[in-house]
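# Examination of the molecular architecture
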Amino acid sequence: MPMMLEGSCRCGSVRFSLASHTPVPYQRCYCSICRKQAGGGGYAINLGGLADSLAVTGKEHLGLYRAEIADEEHPVCEASTGERRFCRACGSALWLYDPTWPDLVHPFASAVDTPLPVPPRRVHLMLKYKANWVEPEIRNGDDAYALYPELSLADWHRKHGLWVE
């Protein structure tokens, strides 16, 4: 049975729950979108959850942000398909949903209140876009990528025996 995650914004106006096969907060994203919206340490951590299990109270307090992307990989500015949800009352980043992968929703680990498993190693991604003041703590056994990692959230959890049935 997947792990149930419960989360909330800082002020408590929005609360959510969802089931997750991939609850280990191992992936640190240094892209400017994640970093600026939810990454006070220079990165954000997204988990994976089952979109059809997402339950939300306080929907009237939700805001929606779709980033406009223009960088070396996107020379023409385009709106991201990713829908980032946040609390309009306190500004807390809550989750990302992208209709490209309609079965998944990605809560920010920082918004999850449920105790999470400690990752045995980490994956640092989008290092090409990290802020100049950020010094990633890349440890022995960690993987680091200029852009995207080789393994998906699901594949990484399965490879390391951390997939929650």
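Our subject is the structure that appears above.
## A word on the overall build of the chain
Counting its regular elements, the chain contains two helices and 14 strands. Radius of gyration (C-alpha) of the chain: 15 Å, near the 15 Å computed for a compact globule of 165 residues. Principal-axis analysis of the C-alpha atoms places the extent of the chain at approximately 40 × 40 × 30 Å. Taking as baseline every contact in the chain between residues at least 6 positions apart, the subset at least 24 positions apart corresponds to 59%. The distance from the centre of the 17 positive side-chain charges to the centre of the 19 negative ones in the chain is 6 Å.

## Concerning the packing of aromatic side chains
Geometry of an aromatic ring pair is reported as the spacing of the ring centres plus the angle between the planes. Under the definition given, this model contains three aromatic pairs. Between the aromatic rings of Tyr26 and Trp156, the centroid separation amounts to 3.6 Å while the plane-to-plane angle is 0°, which identifies the pairing as stacked. Taken together, the residues Tyr26 in the loop between strand 2 (15-20) and strand 3 (27-29) and Trp156 in helix 2 (residues 153-159) connect sequence positions 130 residues apart. On the accessibility criterion, Trp156 (2% relative accessible area) is buried. A centroid spacing of 5.5 Å and a plane angle of 55° characterise the contact between Tyr30 and Tyr43, whose relative ring orientation is tilted.

## Focus: the sheet that holds strand 2
With antiparallel pairing, three strands are arranged side by side in an open sheet as 1-2-6. Looking at which strands have only one partner, the edges of the open sheet turn out to be strand 1 (3-8) and strand 6 (55-57). For this sheet, the mean inter-axis angle between neighbouring strands, taken without regard to orientation, is 15°. Alignment of strand 1 against strand 2, held across six bridges, turns out to be antiparallel. Its bridge partner being in strand 2, Met3 is matched across the sheet by Ser20.

## Describing the nonpolar core
Core analysis: the largest hydrophobic core is formed by 16 residues, its most contacted members being Val14, Phe16, Val56, Leu62, Leu94 and Trp95. Within the residue set of this core, elements represented by two or more residues are strand 2 and strand 11 (93-97). Once residues lying within four places of it in the same chain are set aside, the contact partners of Val56 are Val14, Arg15, Phe16, Leu62 and Trp95. Judged by nonpolar contacts, the second largest core, of 12 residues, contains Cys29, Ile33, Ala67 and Tyr129.

## Describing the layout of surface pockets
Put simply, the largest pocket is a space of about 1,300 Å³. As for the largest pocket, its lining consists of 48 residues, of which Asn46, Leu96, Asp98, Trp101 and Tyr148 are closest to the centre.

## Concerning the side chain of Gln27
Assignment of secondary structure puts Gln27 in strand 3. A polar contact of 3.3 Å, which involves the side chain of Gln27, links it to the side chain of Tyr26. With near-sequence residues (within four places) excluded, Gln27 lies in contact with Ala44, Ile45, Asn46, Val123, Leu125, Pro149, Leu151 and Leu153.

## Looking at the state of the cysteines
Under the defined criterion, the tally for this structure stands at zero disulfides. The closest cysteine sulfur to the non-disulfide-bonded Cys87 is located on Cys9, 3.7 Å from its own sulfur. Take Cys87: its relative accessible area is 0%, and that puts it in the buried class.

The rules behind each value
- Residues numbered from 1 in each chain as written.
- Predicted model: local features only at pLDDT ≥ 70, side-chain atom pairs only at ≥ 80, totals over all residues.
- Heavy atoms only, no water.
- Helix = DSSP H or I, 4+ residues; strand = E, 2+ residues; numbered from the N terminus.
- Rg over C-alpha atoms; globule rule 2.2 N^0.38 Å.
- Contact = heavy atoms within 4.5 Å.
- Lys, Arg positive; Asp, Glu negative; His and termini not counted.
- Charge placed at Lys NZ, Arg CZ, Asp CG, Glu CD.
- Phe/Tyr/Trp six-rings, centres within 6.5 Å; stacked < 30°, edge-to-face > 60°.
- Buried < 20%, exposed > 50% of the residue type's maximum accessible area, 1.4 Å probe, protein only.
- Pairing = 2+ DSSP bridges.
- Axes fitted to C-alpha atoms, helices over the stretch in contact; angles between N-to-C directions.
- Core = buried A, V, L, I, M, F, W, Y, C linked by side-chain atoms within 4.5 Å.
- 1 Å grid on protein atoms, 1.4 Å probe; cavity = no way out; pocket = protein on both sides within 12 Å on 5 of 7 lines; lining within 4 Å.
- Points joined across faces, edges and corners; volume = space filled by probe spheres on them.
- Polar contact = N/O pair within 3.5 Å; in protein donor to acceptor, adjacent residues only side chain to side chain.
- Disulfide = S-S within 2.5 Å.

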